[in-house]
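A look at the structure
Each chain, letter by letter, is given below.
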Amino acid sequence: MLKNPLLFIHKTVVSNLKNVNFNWKLIEKSLSILSIVFGILVILLVFYTWEVILSRYFDTGLTTWDNLSLFKIFKNTHFFMFLGILGLISGILLLKNKRSGWISNLASWISYAVGIIIVYWKGNQSGKLLIESQTHYTIILSIVFVFLIFASLLLSKPIRLKYKPTSNSWIAVGLIILTFVMDKILLD
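Now for a look at the structure at hand. No experiment lies behind these values; they were computed from the predicted model shown. (Residues numbered from 1 in each chain as written. Predicted model: local features only at pLDDT ≥ 70, side-chain atom pairs only at ≥ 80, totals over all residues. Heavy atoms only, no water.)

As for the nonpolar core
- One finds Trp102, Leu106, Trp109, Phe147, Leu154 and Ile159 to be the most contacted residues of the largest nonpolar core, which totals 33 residues.
- Of all elements in the fold, only α2 (24-60), α3 (70-95), α4 (99-125), α5 (134-154), α6 (157-163) and α7 (167-187) reach the threshold of two or more residues within this core.
- Considering every element that reaches this core, the biggest residue donor is α4, with ten residues.
- Not counting the four nearest positions on each side in its chain, Trp102 is found in contact with Leu94, Leu154, Leu155, Ile159, Arg160, Tyr163, Pro165 and Trp170. (Core = buried A, V, L, I, M, F, W, Y, C linked by side-chain atoms within 4.5 Å. Buried < 20%, exposed > 50% of the residue type's maximum accessible area, 1.4 Å probe, protein only. Helix = DSSP H or I, 4+ residues; strand = E, 2+ residues; numbered from the N terminus. Contact = heavy atoms within 4.5 Å.)

Observations regarding the pattern of salt bridges
- Per the counting criterion, the structure on display carries one salt bridge.
- With a shortest N-O distance of 2.9 Å, Lys162 and Glu28 are connected by a salt bridge. Of this pair, Lys162 sits in helix α6 while Glu28 sits in helix α2; the two residues are 134 residues apart in sequence, bridging distant segments of the chain.
- Given a relative accessible area of 2%, Glu28 falls into the buried group. (Salt bridge = Lys/Arg side-chain N within 4 Å of Asp/Glu carboxyl O.)

Quick notes on the packing of aromatic side chains
- Across all of its chains, the model carries twelve aromatic pairs by this definition.
- On the numbers, 6.1 Å between centres and 40° between planes, the contact of Phe38 with Trp109 is tilted. Here the residue Phe38 occupies a position in helix α2, and Trp109 occupies one in helix α4, the gap between them amounting to 71 residues.
- Residues Trp102 and Tyr163 carry aromatic rings whose centres are separated by 6.3 Å and whose planes lie at 20° to one another, so their mutual orientation is stacked. On the criterion of sequence distance, the pair formed by Trp102 in helix α4 and Tyr163 in helix α6 is long-range, its members being 61 residues apart.
- Judged by relative accessible area, Trp102 falls into the buried class, the value being 0%.
- Since its relative accessible area comes to 4%, Tyr163 is described here as buried. (Phe/Tyr/Trp six-rings, centres within 6.5 Å; stacked < 30°, edge-to-face > 60°.)

Comments concerning the side chain of Ser32
- Along the chain, the position of Ser32 falls in helix α2.
- On the accessibility criterion, Ser32 (0% relative accessible area) is buried.
- Once residues within four sequence positions are removed from consideration, Ser32 is found in contact with Gly91, Leu94, Leu95 and Asn105.

Focus: the environment of Ala113
- Among the secondary structure elements, Ala113 is positioned in helix α4.
- Overall, Ala113 belongs to the buried group, its relative accessible area being 1%.
- C-alpha separation for the pair Ala113 and Leu141, spaced 28 residues apart in sequence, amounts to 9.1 Å.

In short, shape yes, function no, at least from these values alone.
Structure below.
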């Protein structure tokens, strides 16, 4: 078993790319735009989820505004809402070449990957088999892998040297990820 899968992915990707001359500024800007777009998509999907939940409750006559728990709906979707907001803001800050954008963008890509793993792990633990076939499993792992590649690109030497992360930067990345992981594990 690998001690640190993210470090393994990072070393594998970067070692294979050492001899290739990349435009790291373009890669960084692309990652920031992807983060903005993905953040917006996640937020829109959360709003769509709210709309579907509310319309099902009201269409079936199971609830009224008096006995509807908006808190429960928010509690069930807040993780991805906040993660989408983090992705959106971090993409904007990274586009503006801010260290806080690099920190939050790195944390958001890792949190997306970890969040997906936790959602599927908890779903399978509770008896709701979310992965129904080998194809679903492959798709989920591919998405997680892509997110980890994005994080690995942000950890590449040219981009990392540009933002000169301090020990406080690494602590901030860890705290952001830890906050999202603990939220997903404890509050769901």
